[in-house]
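# A closer look at the structure
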Amino acid sequence: MAFPRAYRRMVAAVLGGLLIVAGMPGPGMAAVNREMADYLAAHPGGVAVSANEISYGDGAVLVTLREPVGTYALADCPYGWYCFYDRPNFGYPRGKLSDCGRQNLATWQWQFRVASAHYNISSGSVTFYYGTTALFSVGAGNRVRADAAPYRDWANYVNRPC
């Protein structure tokens, strides 16, 4: 059965319009892009690797901007990493590291921002420092610190012996 030429053109125009609309970012995506741009402007040196994640130091540190749905106030650091959060009770943004040794958090624009922490590695620990003064630790024996108080937002170094 052959359709008239005018009918085929109308169907093609409607389907083409739907494809164009489907490919456009919605209002939610614009907010995500703005959030990413604002974060990178305030914390330069990172590279966006997804709509919600930024890599610093070629993947040495990954920053996740928003928590996955359903993880509010939960320690959700992926296995093999230790994470630090911008807010108490594991509030995002979240930074995550896995490297050993002493590291300057300023390298990744994370100095003076640690408000809670989660250690999700099978052994060892990590200590958060202000200069050379140890503030607190999390590790295999005490995996979470929901609030870094009285040292909230003091840490500028971390050390994970391996």
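Look up: the structure comes first, before these words.
Reading the values: the criteria
- Residues numbered from 1 in each chain as written.
- Predicted model: local features only at pLDDT ≥ 70, side-chain atom pairs only at ≥ 80, totals over all residues.
- Heavy atoms only, no water.
- Helix = DSSP H or I, 4+ residues; strand = E, 2+ residues; numbered from the N terminus.
- Buried < 20%, exposed > 50% of the residue type's maximum accessible area, 1.4 Å probe, protein only.
- Contact = heavy atoms within 4.5 Å.
- Core = buried A, V, L, I, M, F, W, Y, C linked by side-chain atoms within 4.5 Å.
- Salt bridge = Lys/Arg side-chain N within 4 Å of Asp/Glu carboxyl O.
- Pairing = 2+ DSSP bridges.
- Axes fitted to C-alpha atoms, helices over the stretch in contact; angles between N-to-C directions.
- Disulfide = S-S within 2.5 Å.

## Regarding the overall build of the protein
- Helix and strand counts for the protein stand at two helices and eleven strands.
- Along the protein, helices and strands appear, N-terminal first, in the series α-α-β-β-β-β-β-β-β-β-β-β-β.
- Relative to its full complement of 162 residues, the protein shows a buried share of 36%.
- Within the protein, counting contacts between residues at least 6 apart in sequence, those at least 24 apart form 56% of the total.

## Remarks on the nonpolar core
- Counting 26 residues, the largest nonpolar core has Val 63, Tyr 82, Phe 84, Val 114 and Phe 128 as its most contacted members.
- Secondary-structure elements contributing two or more residues to this core are helix 2 (27-42), strand 2 (53-56), strand 3 (61-64), strand 4 (81-87), strand 7 (116-120), strand 8 (125-130) and strand 9 (133-139).
- Looking at this core element by element, the count peaks at three residues for strand 9.
- Not counting residues up to four positions away in its chain, the partners in contact with Val 63 are Tyr 39, Asn 52, Glu 53, Ile 54, Tyr 56, Pro 93, Arg 94, Gly 95 and Trp 110.

## Remarks on the pattern of salt bridges
- The tally for this structure, following the rule as stated, stands at five salt bridges.
- For Arg 94, the salt bridge identified is with Asp 76, shortest N-O distance 3.2 Å. One end of the pair, Arg 94, is in strand 5 (residues 91-97); the other, Asp 76, is in the loop between strand 3 and strand 4, with 18 residues separating them in the sequence. As far as the burial class goes, Arg 94 and Asp 76 line up, both buried.
- Linking Arg 113 and Asp 86 is a salt bridge whose minimum nitrogen-to-oxygen distance equals 3.1 Å. Of this pair, Arg 113 sits in the loop between strand 6 (101-104) and strand 7 while Asp 86 sits in strand 4; the two residues are 27 residues apart in sequence, bridging distant segments of the chain.
- You can call Arg 113 buried: its relative accessible area is 10%.
- The partly exposed category is assigned to Asp 86, whose relative accessible area is 22%.

## Section: the sheet that holds strand 11 (residues 157-160)
- What the four strands build is an open sheet, ordered 6-11-8-9; its pairing is antiparallel. Edge positions in the sheet fall to strand 6 and strand 9, since each has one partner strand and no second. Each strand axis lies, on average, 20° off the axis of its neighbour in the sheet, ignoring direction.
- In the sheet, strand 8 pairs with strand 9 via six bridges, with the strands oriented antiparallel. Counted as the bridge partner of Val 126 is Val 138 from strand 9.

## Considerations on the pairing of strand 3
- Alternating residues of strand 3 divide into Val 61 and Val 63 and Leu 62 and Thr 64, and every residue in both groups is buried.
- Taking the residues that link successive antiparallel strands as the turn, the strand 2-strand 3 hairpin has four residues, and the phi of Gly 57 there is positive, at about 60°.

## Describing the state of the cysteines
- A complete count under the given rule lists two disulfides for this structure.
- Note that Cys 77 is cross-linked by a disulfide to Cys 83, the S-S spacing being 2.0 Å. Judged by the torsion about the S-S bond (75°), the Cys 77/Cys 83 disulfide is right-handed.
- For Cys 100, the disulfide goes to Cys 162, at an S-S distance of 1.7 Å.

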